[in-house]
Amino acid sequence: DVKVTQSSRYLVKRTGEKVFLECVQDMDHENMFWYRQDPGLGLRLIYFSYDVKMKEKGDIPEGYSVSREKKERFSLILESASTSQTSMYLCASSSRYRGRYQPQHFGDGTRLSIL
Amino acid sequence: GDSVTQMEGPVTLSEEAFLTINCTYTATGYPSLFWYVQYPGEGLQLLLKATKADDKGSNKGFEATYRKETTSFHLEKGSVQVSDSAVYFCALRSKGANSKLTFGKGITLSVRP
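Rules behind the numbers
- Residues numbered from 1 in each chain as written.
- Chains lettered and ligands numbered in written order.
- Predicted model: local features only at pLDDT ≥ 70, side-chain atom pairs only at ≥ 80, totals over all residues.
- Heavy atoms only, no water.
- Helix = DSSP H or I, 4+ residues; strand = E, 2+ residues; numbered from the N terminus.
- Rg over C-alpha atoms; globule rule 2.2 N^0.38 Å.
- Buried < 20%, exposed > 50% of the residue type's maximum accessible area, 1.4 Å probe, protein only.
- Contact = heavy atoms within 4.5 Å.
- Areas by Shrake-Rupley, 256 points an atom, 1.4 Å probe, with all protein chains shown as cover.
- Lys, Arg positive; Asp, Glu negative; His and termini not counted.
- Charge placed at Lys NZ, Arg CZ, Asp CG, Glu CD.
- Core = buried A, V, L, I, M, F, W, Y, C linked by side-chain atoms within 4.5 Å.
- Disulfide = S-S within 2.5 Å.
- Buried area = accessible area lost by both parts, 1.4 Å probe.
- Salt bridge = Lys/Arg side-chain N within 4 Å of Asp/Glu carboxyl O.
- Polar contact = N/O pair within 3.5 Å; in protein donor to acceptor, adjacent residues only side chain to side chain.
- Nonpolar A, V, L, I, M, F, W, Y, C, P; charged D, E, K, R; others polar.
- Pairing = 2+ DSSP bridges.

Participant: What's the story with the overall build of chain A in this structure? I'm lost.
Facilitator: Of regular secondary structure, chain A possesses zero helices and 13 strands. Along the chain direction, N to C, the helices and strands of chain A fall in the order β-β-β-β-β-β-β-β-β-β-β-β-β. On C-alpha atoms alone, chain A measures out to a radius of gyration of 14 Å, which is about the 13 Å that the 2.2 N^0.38 rule sets for 115 residues. Overall size of chain A, expressed as C-alpha extent along the three principal axes, is 45 × 30 × 25 Å. Within chain A, buried positions represent 49% of all 115 residues. Long-range contacts, defined here as pairs at least 24 residues apart, represent 55% of the contacts in chain A between residues at least 6 apart. When the accessible surface of chain A is totalled, it reaches about 5900 Å², and 48% of it is carbon and sulfur. Of the charged side chains in chain A, 18 are positive and 15 negative; the average position of the first set lies 1 Å away from that of the second.

Right, dumping it as structure tokens:
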């Protein structure tokens, strides 16, 4: 079974702090994603990556950056946390098989509160 | 751009009731369609998928049929259980959009004994 592990289930930080959310997958997947989940808004894509050191902006990248130095790890960075970034953050990964994209596998999420 | 519209929630049903959750989409070409489920305190899990028109995805008693003519992918189950209580998300992936998914807003299902 694919395992996507997010480093923290709950995190509380203060406004202005630099925050790191870590995600690790154990299936050698090429693609990794960061979403935020908010009530009534569903999941919105923040950033994604198709390979090591590659990244692309999703639908709501403002206020975030990412890092992918190793294939299995994808980090989401809040450069200067704000209360509007209080949310549930979900990491996902997927692979390509014979040219077809396979379904995404999700971690359990990190509930981040910015005070 | 791509979009997914789910019916408004939440939905509360009694055990063994019939379930329908509506999902319609807007996309260019012929996207792949998915239903994901999120149980309390967990991440999303793929429930079922369909990759072309008239395909039927099924899993755990749930079914959804890819209807190109109505651009819909409604989720159904004949007899729900308390353990089906969760949030359900409809999603699509357009052809040529790499592996990006577009999600609906999700709907919370509560099943009472």
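Participant: I tried to follow the nonpolar core on my own but got confused; where do I start?
Facilitator: For soluble globular proteins, nonpolar side chains are generally found buried alongside one another. Among the nonpolar cores identified, the biggest contains 27 residues, and Trp35, Leu47, Leu48, Phe73, Leu75 and Tyr88 of chain B are the most heavily contacted of them. Top element by residues in this core is strand β10 (residues 86–93) of chain B. It accounts for four residues.

Participant: In this structure, what is going on with the state of the cysteines? I would like to understand it.
Facilitator: By definition, a disulfide is the covalent link that joins the sulfur atoms of two cysteine residues. All names here are of chain A. A complete count under the given rule lists two disulfides over all chains for this structure. The disulfide partner of Cys23 is Cys91, and the S-S distance across this bridge is 1.9 Å. Measuring handedness by torsion sign, the sulfur bridge of Cys23 and Cys91 sits at about -80° and is left-handed. Remark: Cys91 occurs in strand β9 (residues 87–94) and Cys23 occurs in strand β3 (residues 19–25); sequence separation between them is 68 residues. Look at Cys91 and you get buried, because its relative accessible area is 0%.

Participant: Just to check I follow, could you spell out the interface of chain B and chain A for this structure?
Facilitator: Frequently, the measure chosen for interface size is the accessible area that the parts lose on association. Facing 19 residues of chain B, the contacting portion of chain A comprises 22 residues. Carbon and sulfur atoms supply 53% of the area buried between chain B and chain A, which totals about 1600 Å² over both sides. Summed over the shared surface of chain B and chain A, the number is zero salt bridges. Remark: the boundary between chain B and chain A carries four residue pairs in polar contact (both at pLDDT 80 or more). Taken together, the residues that form the side of chain B that touches chain A break down as eight nonpolar, six polar and five charged.

Participant: Looking at this structure, I do not really get the pairing of strand β1 (residues 3–6) of chain B. What am I missing?
Facilitator: Along a regular strand, successive side chains alternate from one face of the sheet to the other. All names here are of chain B. The alternating pattern of β1 places Val4 and Gln6 on a buried face and Ser3 and Thr5 on a face that is not buried. Here four bridges tie β1 to strand β4 (residues 23–26), and the two strands are oriented antiparallel to one another. Within β4, the position partnered with Gln6 by the bridge is Cys23.

Participant: Please clarify how the pairing of β3 of chain A should be interpreted in this entry.
Facilitator: All names here are of chain A. Judged by which residues are buried, β3 turns out to be one-sided: Val19, Leu21, Cys23 and Gln25 face inward and are buried, whereas Phe20, Glu22 and Val24, on the alternate face, are not. Two elements, strand β1 (residues 4–6) and β3, share three bridges in a ladder whose sense is antiparallel. Pairing of Gln6 across the sheet is with Cys23, part of β3. Looking at chain direction, β3 and strand β8 (residues 73–78) are connected through six bridges and run antiparallel. By the bridge assignment for β8, Glu22 is matched with Ser75.

Participant: Any chance you could explain the pattern of salt bridges here in plain terms?
Facilitator: Any two side chains of opposite charge can pair, so long as their charged atoms come close to each other. Residues and elements named next belong to chain A. This structure, assessed with the given rule, holds nine salt bridges over all chains. Across the pair Glu22 and Arg73 runs a salt bridge, and its minimum N-O distance is 3.9 Å. Note that Glu22 is positioned in strand β3 and Arg73 in strand β8, a separation of 51 residues in sequence. Linking Asp28 and Lys71 is a salt bridge whose minimum nitrogen-to-oxygen distance equals 3.3 Å. Taken together, the positions of Asp28 in the loop between β3 and β4 (31–38) and Lys71 in the loop between β7 (64–70) and β8 put the pair 43 residues apart, joining distant regions of the chain. Among the ionic contacts, a cluster of salt bridges with common partners joins Arg36, Asp38 and Arg44.

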